[in-house]
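These are the residues of each chain, in order.
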Amino acid sequence: MVQWRDSKVTRNGVDLAVRTWSEDKRPSVVLIHGYPDANHVWEKVAERLSRDFKVVAYDVRGAGHSSVPKGRAAYKLRELRNDLHAVLDATCPGEKVHLVAHDWGSIQTWESVTDPGAEERIASYTTLSGPCLDHVGQWMKGNLKRKPAAVLNQLTHSWYIMAFQLPLLAPTLWKAGLAKAWPGVLKRTENLDSDVSPTQLKDGVHGIELYRANMLPRLVMPRERYTRVPVQLLVARDDNYVRPTMLEDLPRWTDRLWRREMDCGHWGPLLQYPDVTAGWISEFIQHIEGAPASASLKRAEVNSDPQSAADSSHPGTGSYASTKHP
């Protein structure tokens, strides 16, 4: 097993716990976790990636061994974006990096990926089960009349978003025993084996502020957010939280897009199929770094150049010849 080094990055009084594997290798891959997780959720994937790359993972503010900022505004997307760039500057100074993110880690990373000029700092982006909130807002507005059943289906699977807006419900559930029961929840819902995290209560309680600070403003008033960063979309076909249909508009917002799918639930790519996930990430990064595309990566390509994105003038015009596993 490849060994890691733990360190700390501080920004505006918030300490971010950072873990780094294979510091002597290049290029660098930075992993961002979701809710209600900490960076340990990446361990299986990170160990595999670190055989070929330098790998960095960190605990998002309020999670894991990072400190907990005060006030809801401290969890705004722009603060999370600035945390990511502080980690990049500290661990990969002057280097274009490859980002990989899951769930809320992916949602927040879209903020960086869709910033103007992002391609000058970010070499590629692999996103799992975490769409850009602005893209979701645009998708919902565009489909309320055209595909109301698809919007209703996603809203049904996103019931927890409104529940998290209630002042006491979610924190009380975590404190009442959900933290200890969380591995059992994953076992029942996705047939996954996982250990109890020592920071699970903290992760669950404070991470709710991510939803409260960002969800409604972005969904109600979505911005138009494009990116020139090459994007690989990994879709969990049985995801109970992010339905695949909600991701159909992504060709509209990207210049270069690859879409690959696997038959598993929300956490399956990280905990059930780490070999497949790490393999697809490695293959994608190596191609972006100059290696020829494999046959499976070629099949997964949706947008190949800026003109492809321009041609996607309305939702759903991308060609989804995606790679599937298993």
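Bear in mind the structure is a predicted one, so any value in this text is a computation, not a measurement.

A. Highlighting the overall build of the protein chain. Within the protein chain, the secondary structure is distributed over 13 helices and ten strands. Per-residue burial for the protein chain yields a buried fraction of 60% across its 326 residues. Looking at the protein chain alone, contacts between residues at least 24 apart form 77% of all its contacts between residues at least 6 apart. Only carbon and sulfur atoms are counted for the fraction: they give 54% of the accessible area of the protein chain, which is about 13700 Å².

B. Here's a closer look at helix α3 (residues 104-113). Burial analysis of α3 places ten of its ten residues in the buried class, the great majority of the element. Every buried residue belonging to α3 is among Trp104, Gly105, Ser106, Ile107, Gln108, Thr109, Trp110, Glu111, Ser112 and Val113, and all of these are buried.

C. Region of interest: the layout of surface pockets. Of the pockets and cavities examined, the largest pocket occupies roughly 580 Å³. Lining the largest pocket are 28 residues; nearest its centre among them are Asn39, His40, Val41, Glu43 and Ser197. Sorting the residues of the lining of the largest pocket by element identifies β1 (4-11), β2 (14-21), α1 (43-49) and α7 (169-190) as the ones contributing at least two each.

D. Representation of the confidence of the model for the protein chain in the model. On average, residues of the protein chain carry a pLDDT of 88, and 85% of them reach 70 or more. Below pLDDT 50 for its whole length, residues 306-322 participates in 36 contacts with residues either more than four positions away or in separate chains.

E. Structural context of the packing of helix α2 (residues 77-91) against α3. At their nearest, the axes of α2 and α3 sit 8 Å apart, and the two run at 85 degrees to each other. Taken together, α2 and α3 sit at an angle that is classed as roughly perpendicular. Between α2 and α3, the contacting residues are Leu77, Arg78, Leu80, Arg81, Leu84 and His85 on the first element and Trp104, Ile107, Gln108, Thr109, Glu111 and Ser112 on the second. Of the residues that constitute the contact of α2 with α3, the class distribution is five nonpolar, four polar and three charged.

F. Summary view of a nonpolar patch on the surface. Together, Leu216, Val220 and Met221 line one region of the surface with nonpolar side chains, adding up to about 310 Å² of accessible area. Here leucine 216 lies in helix α8 (residues 200-220).

G. Broad picture of unusual backbone geometry. Note that the residue after arginine 26, namely proline 27, is joined by a cis bond; omega there is 0 degrees. Tracing the backbone shows proline 27 in the loop between β2 and β3 (28-32). In this chain, tyrosine 35 is followed by proline 36 through a cis amide linkage whose omega measures 0 degrees. Although it is not a glycine, aspartate 103 adopts a positive phi angle of roughly 55 degrees. Relative to the assigned elements, aspartate 103 resides in the loop between β5 (97-102) and α3. The phi dihedral of asparagine 191 falls on the positive side, at around 55 degrees, and the residue is not glycine. On the secondary structure map, asparagine 191 appears in the loop between α7 and α8. A relative accessible area of 58% means that asparagine 191 is categorised as exposed.

Scoring rules and cut-offs
- Residues numbered from 1 in each chain as written.
- Predicted model: local features only at pLDDT ≥ 70, side-chain atom pairs only at ≥ 80, totals over all residues.
- Heavy atoms only, no water.
- Helix = DSSP H or I, 4+ residues; strand = E, 2+ residues; numbered from the N terminus.
- Buried < 20%, exposed > 50% of the residue type's maximum accessible area, 1.4 Å probe, protein only.
- Contact = heavy atoms within 4.5 Å.
- Areas by Shrake-Rupley, 256 points an atom, 1.4 Å probe, with all protein chains shown as cover.
- 1 Å grid on protein atoms, 1.4 Å probe; cavity = no way out; pocket = protein on both sides within 12 Å on 5 of 7 lines; lining within 4 Å.
- Points joined across faces, edges and corners; volume = space filled by probe spheres on them.
- pLDDT = per-residue confidence, 0-100.
- Axes fitted to C-alpha atoms, helices over the stretch in contact; angles between N-to-C directions.
- Parallel < 35°, antiparallel > 145°, perpendicular 65-115°, else oblique.
- Nonpolar A, V, L, I, M, F, W, Y, C, P; charged D, E, K, R; others polar.
- Patch = residues over 30% accessible without salt bridge, like charges linked within 9 Å, V, L, I, M, F, W, Y side chains within 5 Å.
- Salt bridge = Lys/Arg side-chain N within 4 Å of Asp/Glu carboxyl O.

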